[in-house]
Amino acid sequence: MNLIIRKKGFTLLELLIVIVIVAVFLSLVLPFASDLAGKRHIENATIQFQQDLLLLQNLSITHGTNDKFKITFLDNYSYKFKKMKTLQTLLLGIFPWT
C-alpha cells in the first residue's frame, strides 16, 4: 500500500495572497468608513442640539414664561444657552422678519 501523508496548514504563498486580498479590500473600504463616521458625528450633534432646544421650549411652556435665549457656539463641538433680558439683544440682525 502506498499511503500519501499530507501536512495540514497553509503555504507561505497562500498566506501572502490572502494578505494582499485583505489589504486591497481595506484600501477600498476605509475611505467610505471615515466619511460615514463624520456624517454620524454631525447627525448626533444635530440630534443633541434639537433635544436641547426642545428642553428649553418645554421648560418655557411648563413655567408659563416667554424667555428668550442666546446661543453661543464655543467651538466646533460645544455651545451654551444664555437667557436674554430683552428681545433686541437676542435678534442681533439674524431674524429680519421680526
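Predicted model, so just to flag it, every value in this text is computed and none were measured.

J.: Describe the overall build of the protein chain, naming the residues involved and giving the relevant values.
T.: Tallying secondary structure elements over the protein chain gives two helices and two strands in all. In sequence order, the secondary structure elements of the protein chain are arranged as α-β-β-α. Within the protein chain, the fraction of its 98 residues that count as buried is 5%. Accessible area of the protein chain: about 9400 Å², with a carbon and sulfur share of 67%.

J.: Provide a residue-level description of the pairing of strand S2 (residues 79-84), including the pertinent values.
T.: Here six bridges tie strand S1 (residues 68-73) to S2, and the two strands are oriented antiparallel to one another. Bridging across to S2, Thr-72 finds its partner in Lys-80. Between S1 and S2, which follow one another and run antiparallel, lie five residues.

J.: I'd like a rundown of helix H1 (residues 12-63), residues and numbers included.
T.: Owing to its 3.6 residues per turn, the α-helix brings residues three or four apart onto one side. Between its first and last C-alpha atoms H1 spans 73 Å; for 52 residues at 1.5 Å apiece the expected length is 76 Å, and the two agree. At Val-29, H1 shows its largest bend, some 30°, and a proline, Pro-31, comes one to four positions later. One or two steps after H1, the chain reaches Gly-64, where phi turns positive at roughly 70°.

J.: Can you lay out the confidence of the model for the protein chain for me, pointing to particular residues and giving the numbers?
T.: On average, residues of the protein chain score 78 in pLDDT, and 84% of them are at 70 or above. When the elements of the protein chain are averaged for pLDDT, helix H2 (residues 87-91) gives the smallest value, 45, and H1 the largest, 87. Contacts for the low-pLDDT stretch residues 87-98, under 50 throughout, to residues beyond four places or in other chains number eight contacts.

Procedures and definitions
Note on numbering: residues in each chain are counted from 1, in written sequence order. Predicted model: local features are reported for residues with pLDDT of at least 70 only, side-chain atom pairs are reported and counted for 80 or more only, and whole-chain, interface and lining totals are derived from all residues. Note: side-chain values were computed over all heavy atoms of the structure, leaving out hydrogens and water. Secondary structure elements follow DSSP: runs of H or I no shorter than four residues count as helices, runs of E no shorter than two count as strands, and numbering proceeds from the N terminus. When a residue's accessible area, from a 1.4 Å probe over protein chains only, is under 20% of the maximum for its type it is buried; when over 50% it is exposed; and in between it is partly exposed. Per-residue and other accessible areas follow the Shrake-Rupley method at a 1.4 Å probe size, with only the shown protein chains counted as cover for residues. At least two bridges found by DSSP between two strands are what make those strands a pair. Helix span, expected: 1.5 Å multiplied by one less than the number of residues in the helix. The bend reported for a residue corresponds to the angle between axes fitted to the seven residues ending at that residue and the seven starting there. Confidence of the predictor in every single residue is expressed as pLDDT, which spans 0 to 100. Any two residues whose heavy atoms approach within 4.5 Å at even a single point are treated as in contact.

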